[in-house]
Amino acid sequence: MSLVIESKKLRRTGYFPAFLSGSFLAAAFPVVYMMVKAEELTSLSGNPLELLMSANWQMMAMLNILISICGACMMYHTEYADNGMQKMSVLPIRQENLFFSKFVIAALVLSAMVAIETAVLAGCAEYWFPGYVSDLTEILQTAGFQIVVTLPTVMLMLVIASACKNMWVSLGIGVILVFTLSIFPQDNTALSLFPFASPCQTLSGAAANSRTALFLTVCGIETVVFGIGEVLYLKVRRCLA
């Protein structure tokens, strides 16, 4: 029921069209890149999908993160507007359920974005690389990896947004975090595991360094820990209110 209610709330905010537009914008990067530098990339040896991911995913992931930041801020802006959060606190509704409903929606929308982007990357590989045939298993593995490594960022951003009544504060924190972590060396294992940095990693890059299991495990743990942290924060906030 909470999931349905949250979906109805977001229909009035432009949340879903914004994410859909963002996914098509991100998916346009490899198309434009290949239109300009097709000869340069096709001359390289290697898996075409991996070559396209290596050339384009940094920008695509950055756009996904920024859209997720704006989406989280939008979700909680509607809650705090006109003291909506305070009014809901007197209703028989658990704030934890509302939070996790928002996370499920954000995760599903992110999954749809990554699916569209990965499909376009595979389409570009088929079109510009003669003889290449898309492998559904490879595409699903690539998309699944990118979703898992992005989930901690989505969860943490929702935690930040839930703690800030002013949308511009949470938006500013998110933007500062993403640009701060983006300037750190991406080849440093510890730094690349941080939220806002992990979405920029690719499956091929992780596999080349035998870090695929590490990224999936740590990002999964981070997502759970941030979720538990939100539950504890809500309990503390109720006690102090």
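Residues numbered from 1 in each chain as written. Predicted model: local features only at pLDDT ≥ 70, side-chain atom pairs only at ≥ 80, totals over all residues. Heavy atoms only, no water.

Draft legend 1. The overall build of the protein chain, seen in detail. Counting its regular elements, the protein chain contains 10 helices and 0 strands. From first element to last, N terminus to C terminus, the protein chain shows the α and β order α-α-α-α-α-α-α-α-α-α. Relative to the 2.2 N^0.38 estimate, which gives 18 Å for 241 residues, the radius of gyration of the protein chain is 19 Å and therefore close to what a compact globule would have. Expressed along its principal axes, the backbone C-alpha trace of the protein chain runs to roughly 65 × 35 × 30 Å. By the burial criterion, 44% of the 241 residues in the protein chain qualify as buried. (Helix = DSSP H or I, 4+ residues; strand = E, 2+ residues; numbered from the N terminus. Rg over C-alpha atoms; globule rule 2.2 N^0.38 Å. Buried < 20%, exposed > 50% of the residue type's maximum accessible area, 1.4 Å probe, protein only.)

Draft legend 2. View of helix α1 (residues 2–11). Listed as buried for α1 are E6, S7 and L10. Take α1 and look down its axis: the buried residues cluster within an arc of 100°, on one side only. In this structure, the buried side of α1 is in contact with α2 (15–42), α3 (48–80) and α5 (95–128). (Arc of directions from axis to C-beta. Contact = heavy atoms within 4.5 Å.)

Draft legend 3. Focus on the layout of surface pockets. A volume near 160 Å³ is recorded for the second largest pocket. Lining the second largest pocket, in full, are Q58, Q186, D187, C200, Q201, T202, G205, A206, N209, R211 and F215. Partitioning the lining of the second largest pocket into residue classes produces 3 nonpolar, 6 polar and 2 charged. (1 Å grid on protein atoms, 1.4 Å probe; cavity = no way out; pocket = protein on both sides within 12 Å on 5 of 7 lines; lining within 4 Å. Points joined across faces, edges and corners; volume = space filled by probe spheres on them. Nonpolar A, V, L, I, M, F, W, Y, C, P; charged D, E, K, R; others polar.)

Draft legend 4. Fine view of the packing of aromatic side chains. Scanning the entire structure with this criterion turns up 5 aromatic pairs. Each ring, one from F99 and one from F100, has its centre 5.3 Å from the other, and the planes form 80°; the classification is edge-to-face. Accessibility expressed as a relative area gives 0% for F99, which makes it buried. On the numbers, 6.3 Å between centres and 75° between planes, the contact of F145 with F215 is edge-to-face. With F145 in helix α6 (residues 136–163) and F215 in helix α10 (residues 212–240), the pair connects residues that are 70 residues apart, well separated along the chain. Among the residues examined, F215 registers a relative accessible area of 1% and is labelled buried. (Phe/Tyr/Trp six-rings, centres within 6.5 Å; stacked < 30°, edge-to-face > 60°.)

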